[in-house]
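Listed below are the residues making up each chain.
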Amino acid sequence: MAEIRNQAEISEQAEALKKAYAEWKTAADATTNKNKKYVTVSSEQVDPLYTPADTKSIDFLRDIGFPGEYPYTRGVHPSMYRGKPWTMRQFSGMGTPEQTNERYHFLLSQGQHGLSVAFDLPTLMGYDSDHERSLGEVGKCGVAVDTLLDMEKIFKGIDLGKISTSMTINAPASVLLAMYIVVAEKQGVPAEKLRGTLQNDILKEYIAQKEWIYPPEPSVKLIVDTIEFGTKKMPLWNTISISGYHIREAGATAVQELAFTLADGFTYIEKSIERGLDVDEFAPRLSFFFNAHMDFFEEIAKYRAARRIYAKRMRYKYDAKSERSWMLRFHTQTAGCSLNAQQPELNLIRTAYEAMSAVLGGTQSLHTNSMDETLALPSDKAALLALRTQQVLAEETGVINTIDPLAGSYYVEAMTNRMEAECEAYFAEIDRRGGVMRCIEEGFLQREIAKAAYTYQREIDSKERIIVGVNGYVLENEQIDIPILKIDESVAELQRQSIKKAKSIRDQDKVTRTLNDLRQACRDNKNTMPFIIDCVRQYTTMGEICDAMKDVYGEYIEPPNL
Amino acid sequence: MSDKIRILLAKAGLDGHDRGIKVIAAAFRDAGFEVIYTGLRQTPEMIVDAALQEDVDAVGVSILSGAHMTLFPAIRKLMEERNCADMILFGGGIMSEDEITELGRKGVSKLYGPGTSTIEIVEYIKGAVAKKRAGEKLV
Amino acid sequence: MSVFDDFVRRDKRALARIITHIENRRENYRQLLAAVSRLPHQGYRIGITGPPGSGKSTLVDALVLRYIQQGLRVGVIAIDPSSPFTGGALLGDRIRMQHLVNRDSVFIRSMASRGESGGLAAATRDVTKVLDAFGMDLIIIETVGIGQIELDIVEACDSVVVVLVPESGDMIQTMKAGLMEIADIFCVNKIDRPGADRLLSILNSMVHERQTASSVEIRAVGTNGMNGEGVDSLAEAIEKHRGVITTGGELERRRGSQLKAEIVHAVRDRVVRQLEETIDFDGQFEHVSRQLASGELDLYSAADMIYDRYFRK
Ligand SMILES: Nc1nc2c(ncn2[C@@H]2O[C@H](COP(=O)(O)OP(=O)(O)OP(=O)(O)O)[C@@H](O)[C@H]2O)c(=O)[nH]1
Ligand SMILES: [Mg+2]
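Throughout this description, residue numbers start from 1 for each chain and increase along the sequence as written. The order in which chains are written sets their letters, starting at A; the order in which ligands are written sets their numbers, starting at 1. At least 70 in pLDDT is required for a residue's local features to be given in this predicted model, at least 80 for side-chain atom pairs to be given and counted, and no such filter applies to totals for whole chains, interfaces and linings, which use all residues. For the side-chain quantities, the full set of heavy atoms in the structure was used; hydrogens and water were omitted.

Caption draft 1: Seen up close, the site of ligand 1. Around ligand 1, the structure places 21 residues, and the nearest of them are Glu441 of chain A together with Ser57, Thr58, Asp192 and Gly225 of chain C. Nearness is defined per residue: one heavy atom within 4 Å of the molecule or strand is enough. Near ligand 1, the surrounding residues belong to chains A and C. In protein, a polar contact requires one atom able to donate a hydrogen and another able to accept it; more generally it is a pair of N or O atoms within 3.5 Å, and residues adjacent in sequence count only if both atoms are side-chain atoms. Note that an oxygen atom of ligand 1 is positioned 3.1 Å from one of the side-chain N or O atoms of Arg96 of chain C. Out of a free accessible area of 650 Å², ligand 1 has 94% covered by protein chains. A helix here means a DSSP run of H or I that spans at least four residues, while a strand means a run of E at least two residues long, and both kinds are numbered starting from the N terminus. Here the shell around ligand 1 takes 3 residues from helix H4 (residues 56-69) of chain C, the largest share from any one element. Three residue categories are used. Nonpolar comprises Ala, Val, Leu, Ile, Met, Phe, Trp, Tyr, Cys and Pro, charged comprises Asp, Glu, Lys and Arg, and polar comprises the others, including Gly. In terms of residue class, the shell around ligand 1 is built from 6 nonpolar, 8 polar and 7 charged. With residues, only the protein chains shown are counted as cover, and all accessible areas are computed by Shrake-Rupley using a 1.4 Å probe.

Caption draft 2: Spotlight on the coordination of the magnesium ion (ligand 2). All names here are of chain C. Coordination of the magnesium ion (ligand 2) by the protein is provided by Ser57 (OG), Asp93 (OD) and Glu142 (OE), with metal-donor distances spanning 2.0 to 2.2 Å. One chain supplies every donor for the magnesium ion (ligand 2), spaced along it as S-x35-D-x48-E. Taken as a pair, Ser57 in helix H4 and Asp93 in the loop between strand S3 (89-91) and strand S4 (106-112) lie far apart in primary sequence, 36 residues in all. With respect to class, Ser57 is no different from Asp93; both count as buried. Note that water is not among the atoms considered, so a metal site may appear incomplete; the donors listed are N, O and S atoms within 2.8 Å of the metal, with 3.2 Å applied to Na, K and Ca. For the exposure calls, accessible area comes from a 1.4 Å probe over protein chains only, and a residue counts as buried if that area is under 20% of its type's maximum, exposed if over 50%, partly exposed in between.

Caption draft 3: Representation of the packing of aromatic side chains. Two rings from Phe, Tyr or Trp (for Trp, the six-membered ring) form a pair when their centres are within 6.5 Å of each other. A pair whose planes differ by under 30 degrees is stacked, one over 60 is edge-to-face, and the rest are tilted. One pass over the structure, following the stated rule, counts 33 aromatic pairs over all chains. Between the aromatic rings of Tyr180 of chain A and Trp237 of chain A, the centroid separation amounts to 5.3 Å while the plane-to-plane angle is 45 degrees, which identifies the pairing as tilted. Pair noted here: Tyr180 of chain A is in helix H7 (residues 173-187) and Trp237 of chain A is in strand S5 (residues 237-238), with a separation of 57 residues, a long-range link. An angle of 20 degrees between the planes, with centres 6.3 Å apart, marks the rings of Phe4 of chain C and Phe7 of chain C as stacked. Taken together, the residues Phe4 of chain C and Phe7 of chain C, both in helix H1 (residues 3-8) and 3 residues apart, mark about one turn of the helix. Here the aromatic cluster, defined as three or more aromatic residues joined through ring pairs, consists of Phe266, Phe288, Phe290, Tyr303, Tyr310, Tyr318, Phe330 and Phe427 of chain A. Placement of a positive charge over a ring is assigned whenever Lys NZ or Arg CZ falls within 6 Å of the ring centre and within 35 degrees of the normal to the ring plane. Residue placement shows Lys36 of chain A over the ring face of Tyr38 of chain A; its charged tip is 5.7 Å from the ring centre. Above the face of the Tyr124 of chain B ring, Lys110 of chain B is positioned so that its terminal group lies 5.4 Å from the ring centre.

Caption draft 4: Structural context of the pairing of strand S2 (residues 34-37) of chain B. The alternating pattern of S2 of chain B places Glu34 and Ile36 of chain B and Val35 and Tyr37 of chain B on opposite faces, both of which are buried. Bridge count between strand S1 (residues 6-12) of chain B and S2 of chain B: 4 bridges; the pairing is parallel. Bridging across to S2 of chain B, Arg6 of chain B finds its partner in Glu34 of chain B. Seen with the strands pointing away from the viewer, any crossover whose path from the first strand over the helix to the second strand runs clockwise is right-handed. Handedness of the S1 of chain B-helix H1 (residues 19-30) of chain B-S2 of chain B crossover: right-handed. Where S2 of chain B and S3 of chain C come together, 3 bridges link them in parallel fashion. If you follow Val35 of chain B over to S3 of chain C, its bridge partner there is Leu90 of chain C. In short, DSSP must find at least two bridges between two strands for them to pair.

Caption draft 5: Representation of the nonpolar core within the structure. All names here are of chain A. The criterion is simple. A nonpolar core is a set of buried Ala, Val, Leu, Ile, Met, Phe, Trp, Tyr and Cys residues joined through side-chain atoms within 4.5 Å. One finds Met151, Phe155, Met167 and Leu262 to be the most contacted residues of the largest nonpolar core, which totals 142 residues. For this core, the leading source of residues is H7, giving 11 residues. With residues near it in sequence (within four places) discarded, Met151 still touches Val145, Met167, Leu176, Met179, Tyr180 and Val183. For this analysis, residues touch if any pair of their heavy atoms sits within 4.5 Å.

Caption draft 6: Seen up close, the interface of chain A and chain B. Tallying the contact residues gives 33 residues for chain A and 31 residues for chain B. Both faces combined, the contact of chain A with chain B buries some 2,600 Å², and carbon together with sulfur accounts for 57% of it. Put simply, a salt bridge is a Lys or Arg side-chain nitrogen that is within 4 Å of an Asp or Glu carboxyl oxygen. One can count 2 salt bridges joining chain A with chain B. Between chain A and chain B we count 11 residue pairs in polar contact (both at pLDDT 80 or more) in total. Breaking the side of chain A that touches chain B down by element, the ones donating at least two residues are helix H5 (121-125), helix H8 (203-209), helix H10 (245-249) and helix H19 (444-461) of chain A. Class assignment for the residues of the side of chain A that touches chain B results in 18 nonpolar, 5 polar and 10 charged. Buried area: the accessible surface (1.4 Å probe) lost by two parts on joining, summed over both.

Caption draft 7: Structural view of the interface of chain B and chain C. With 30 residues of chain B at the contact, the number on the chain C side is 31 residues. Summed over the shared surface of chain B and chain C, the result is 7 salt bridges. Two residues, Glu34 of chain B and Arg114 of chain C, come together in a salt bridge whose shortest N-O distance is 2.7 Å. Among the elements of the structure, H1, S2 and helix H2 (44-54) of chain B are those that each provide at least two residues to the side of chain B that touches chain C. If one sorts the elements of the side of chain B that touches chain C by residue count, H2 of chain B sits on top with 7 residues. Split into classes, the residues belonging to the side of chain B that touches chain C amount to 12 nonpolar, 6 polar and 12 charged.

Structure representation (structure tokens):
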């Protein structure tokens, strides 16, 4: 009897809500500017108002719950930023190994505990500094590493047992990891004591950033090699940071960033399980890396949905038993692609909003871009302002006081649900097409992103979307002052000398033998890590090692589909 | 009916940032052009070799790695050597006014910085090709 | 020195310009084509067709690399679709042909289909002739690859390779007859994927079934475009087919019927063009259209009226 009355009451309430909504809608429609489109940065339609009707399917404990508890919609730590604020991690890289070393000593003396290494393009592509393709690119946007000699210089006088190092490297990641291990070994620090993170995410390279060497299959095999090696020998090391940042920068929508990144992650997980690894042994060391774009609420919903989707899959699909395996931890960087050359000070404002969305979305660490980043490497002042943006956020705005403050917002919860549903739809489509690797080969993911990028650009061209300073509120006769990047060609010369030196001190027979052993290991489908370590120990160059593996695996060429 | 406009688009430099050039390619396609896309990491030789065989009206190159001051003149020089000087060379990248002026002197018809509307680029090429064709003599 | 002289001297730039001239049907293109056709030529034409993404361009790259290493001169025509709405096209086959960049003995031309639906572009046959006259030993044509059988390739080539992938099983069942009609060689690419062996054996039994005493043997080979596995066998199969049809008289027969088909094409093109331009020569077309719209006439009676007037004029 009581139940029936309840039902009746509920439907009465629903009726009342419907009626009130209709009344409001008439009033609102009368004054709505209908010439404007109301869409997110991802060109998704947004309703003018959200009400309990949009969240009625939500079961609080099942879908939202508590921070630090499954499904982690509200965050991975019970106390979130009250326990530990997010890590402010600014990524940087420069010139020669010596210059980098000098910079690191300075940073460490200022109380920083973690180092972050950016490499130059030839290193990222597995070319030596003296390769013809490296012309004009050596030492720009990062440090050049050709042999162990360079890594020894970079970390000279730094105790690798005491710091944590993050290396942004993908296709040749295992070579750099091997060099790091050998440098530590020479310092007397065993691999199991090493702490740090390798980006090591090749799938997003094929999808977005396009710095690859071998085809997808062998590349993923190499990554599983590092995961296996790390699980067994380097318990403190994060072998992979599964990255959506670059996918978004290439023009993806928020949902595409979310879906493709998670799908990449699940691919590595499946391949590692296939290798015979126990999911609970390696999953706790996986981490993610997302973008923070301009659409405040859409981004927050994205982070929340990411944690929920991941937890569910890890628990039920991959049968992980440990709660640590269910948690999606992530680093965030504000969107470089949202910055503009026109009126560059506006970029400070953009970055601040983006940073706030990342924090409200529960990020574990954050990099804020400098306002002049679209034009050049950041100036000291701009770099400092970028860091200060995070400090203002943490100290002055009060966002850290309460956990996941937007939970329960009709809009944010509805958006979180929508993100999850659209993400699942992409998963289904990717499965239908035979998985991520097949989709990459056929260009499906790349095409989806290119389409989104084109839609976005057309909205700007037609002024449906206004970007302040670019196609609206333009300053007449604005002089865009572009600081000229002087490429220091002496870096390339120094690197060439360094390669010569390495080649003169090494034992060529051992080089040849270890390279042959590596080729054979590739053919025999063995874990390559021990063989790569043997190679780097002999001062074999990065290019020689990558070429040896190319002999077996072949080289990747982008798929033509546009 | 006037002939289709054929253009070649290429990405030079070691980086893989092809978002811009792909958007431009789609814009040209939708404007009725035939667009030959040669992909990432193209050297001046590769670009001019393809342009010659495809006999395009214009060659567009995106260079974001900072090597524009060496690559654009190298491309132009090869175009002249191989009897392709009639082709329009245009491009995109991050460069200063002075650099743009200098490259203009070296035969690069037009350079676009970040944030240029694709409509503007398409219109420019349409106009430039029409002008070029008006001056062409028959085989 | 005229462009034509440069062409005779085997200048690639001149070749490229002449192709453009002919592709666009510019003034005098027919005289130009006739002059070109009078030059000595002896090229052999290989067609590569198959569903989108099956690996056609990848295989062209691998095959041509072999041919030029044997000292042959090779022309490649790669066709991609034009948009029916804007007429624009994105031609991306070149990306896959990275091994053929900067090679003296290779010439690659991308063509947009420009409204043709048979897998070729309108001017493909003409461009083939130009490449042939330029002294190419081999001319390879990669069709659009729109997922249906592209019949026109048979009329433009001497040997036709149909490239399939392990997932093409269903397509084979429904298009069996058509496929058998165009294929001289079946190539199952992407043998690194599951299902390749099965497809190969299906193809082999299909081929077996069809084999009669008179017809030239069809072969099926497996390849991996990524690492080049099987490409030698593919090249061999093509060579073998060429040998058989050349010595058996089949090549002449083929070329003879191709020429007839070309005449029919040319006449049909002219008739269609003329019809489109002058269909309303006496103002009756408008009139009949109105009658059709008002229901006074049905479609076929209207067509009869126009046909009779037009061809009796
Ligand atoms: N796994 C695998 N992939 C291949 C193989 N051959 C080619 N591919 C991949 O298949 C994709 C399509 O190859 P293409 O050569 O462009 O195919 P296509 O038939 O020319 O494509 P369209 O011209 O677009 O119709 C590319 O990503 C190739 O890398 C192979 O043997 N195995
Ligand atoms: Mg192709």
